[in-house]
Amino acid sequence: MTSIRRIRAARASLVAGVTAGGLLLFAGPAFAHVSVQPGTAEKGGYSTIALKVPNEKDNASTVKLELTLDPKHPLVSVMPQAVPGWDVKVEKTKLDKPVQMHGKSIDEAVSKVTWTGGKIEPGQFQQFPLSVGQLPTDADELVFKALQTYSDDDVVRWIDPSKPGGEEPEHPAPVLKLVAKGAAAGGGDHHDDAKDDKKDDKKVTATAEEKKSDGGSDTTARVLGVVGIVVGAAGAAFGVLAGRRRRDSAA
């Protein structure tokens, strides 16, 4: 009886451990923020960005997004890309001081973009692309303010400023970092095509070798797995037979 109790206890511990491990494995971040993707763009240029909006609720859908642009650094050109299922409205305001762009004097800039009519269901996210420009040259970032409205009329205000070196606020405002020309990903780099071809060939060869190695490792793992199952079954059978012999002897 003592051996049986020990076996049952071991099985219970194993099940509990596997269950806990599964919970940790599938547990993800509880919250995600409204953010700008990608997070950087070149100063003085044009860029295509997207507002990434996750749904943080389990019982309501996101039904509206309002984006207010940085009034300190007005953008003359802001063009939203169509998002299936969503309607978009672009609002403009008069500038105190007109700006020159492509030989023309511009006296207004986009101040707000609003998306309505669609739904972001629980457990999903949506991206809202924008073509923006001309980005300022006298700033290191553009700070946007976003209001996320849910189907239960709850409004989450992503407007809190982030302080360098400080704790992240509860609802940080989306930020687009502005970098010098050539510092952004893929910008200003010059490549030698011949060298790149050689590098690509090496990568292809290395990848092929890795696949072979992975295939061998996978086969080995499968063989070991089968052997382990067989050994385990044999051990269980031996235990059953041993138990029967002990009972027969005791009888």
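Residues numbered from 1 in each chain as written. Predicted model: local features only at pLDDT ≥ 70, side-chain atom pairs only at ≥ 80, totals over all residues. Heavy atoms only, no water.

**Observations regarding the sheet that holds strand 8 (residues 125–133)**
Taken in spatial order, the 4 strands of this open sheet run 1-3-8-5, and their pairing is antiparallel. Looking at which strands have only one partner, the edges of the open sheet turn out to be strand 1 (35–37) and strand 5 (77–80). Across the sheet, the mean angle separating the axes of adjacent strands is 30° when strand polarity is ignored. Pairing analysis gives 8 bridges linking strand 3 (residues 47–54) to strand 8, with the strands arranged antiparallel. Of the residues in strand 8, the one forming a bridge with S47 is V132. (Pairing = 2+ DSSP bridges. Helix = DSSP H or I, 4+ residues; strand = E, 2+ residues; numbered from the N terminus. Axes fitted to C-alpha atoms, helices over the stretch in contact; angles between N-to-C directions.)

**Some points on the pattern of salt bridges**
Applying the stated rule across the entire model yields 8 salt bridges. Measuring nitrogen to oxygen at the nearest pair gives 2.9 Å for the salt bridge that ties D140 to K43. Of this pair, D140 sits in the loop between strand 8 and strand 9 (141–143) while K43 sits in the loop between strand 2 (40–42) and strand 3, and the two are 97 residues apart along the sequence. Judged by its relative accessible area of 55%, D140 falls in the exposed class. What makes K43 partly exposed here is its relative accessible area of 25%. Note that D107 and K94 form a salt bridge whose closest N and O atoms lie 3.4 Å from each other. Taken together, the positions of D107 in strand 7 (residues 104–120) and K94 in strand 6 (residues 87–101) put the pair 13 residues apart, joining distant regions of the chain. Judged by its relative accessible area of 35%, D107 falls in the partly exposed class. (Salt bridge = Lys/Arg side-chain N within 4 Å of Asp/Glu carboxyl O. Buried < 20%, exposed > 50% of the residue type's maximum accessible area, 1.4 Å probe, protein only.)

**Overview of the nonpolar core**
Counting 31 residues, the largest nonpolar core has L51, F128, L130 and L176 as the members making the most contacts within it. Only strand 3, strand 4 (62–68), strand 7, strand 8, strand 10 (145–150), strand 11 (155–158) and strand 12 (175–179) provide two or more residues apiece to this core. For this core, the leading source of residues is strand 7, giving 4 residues. Aside from chain neighbours lying at most four places away, what touches L51 is V34, S35, V36, L65, L67, Q126, Q127, F128, L130 and P174. (Core = buried A, V, L, I, M, F, W, Y, C linked by side-chain atoms within 4.5 Å. Contact = heavy atoms within 4.5 Å.)

**Side note on the packing of aromatic side chains**
Any two aromatic rings considered together are summarised by their centre-to-centre distance and by the angle between their planes. Per the counting criterion, the structure on display carries 2 aromatic pairs. Look at W86 and F128: their rings are 5.1 Å apart centre to centre, the planes differ by 90°, and that puts the pair in the edge-to-face class. Placement of the pair is W86 in the loop between strand 5 and strand 6 and F128 in strand 8, with a sequence separation of 42 residues. The buried category is assigned to F128, whose relative accessible area is 0%. Between W115 and F128, the ring centres sit 5.0 Å apart and the planes meet at 45°, which makes this aromatic pair tilted. In this pair, W115 is assigned in strand 7 and F128 in strand 8, connecting sequence segments 13 residues apart. On the basis of relative accessible area, W115 is assigned to the buried category, the value being 1%. Site record: aromatic cluster; members linked through ring pairs are W86, W115 and F128. Seen from the ring of F125, K52 lies directly overhead, with NZ or CZ sitting 4.8 Å from the centre. Over the aromatic face of Y150 sits the side chain of K57, whose NZ or CZ is 4.9 Å from the ring centroid. (Phe/Tyr/Trp six-rings, centres within 6.5 Å; stacked < 30°, edge-to-face > 60°. Lys NZ or Arg CZ within 6 Å of the ring centre and 35° of its normal.)

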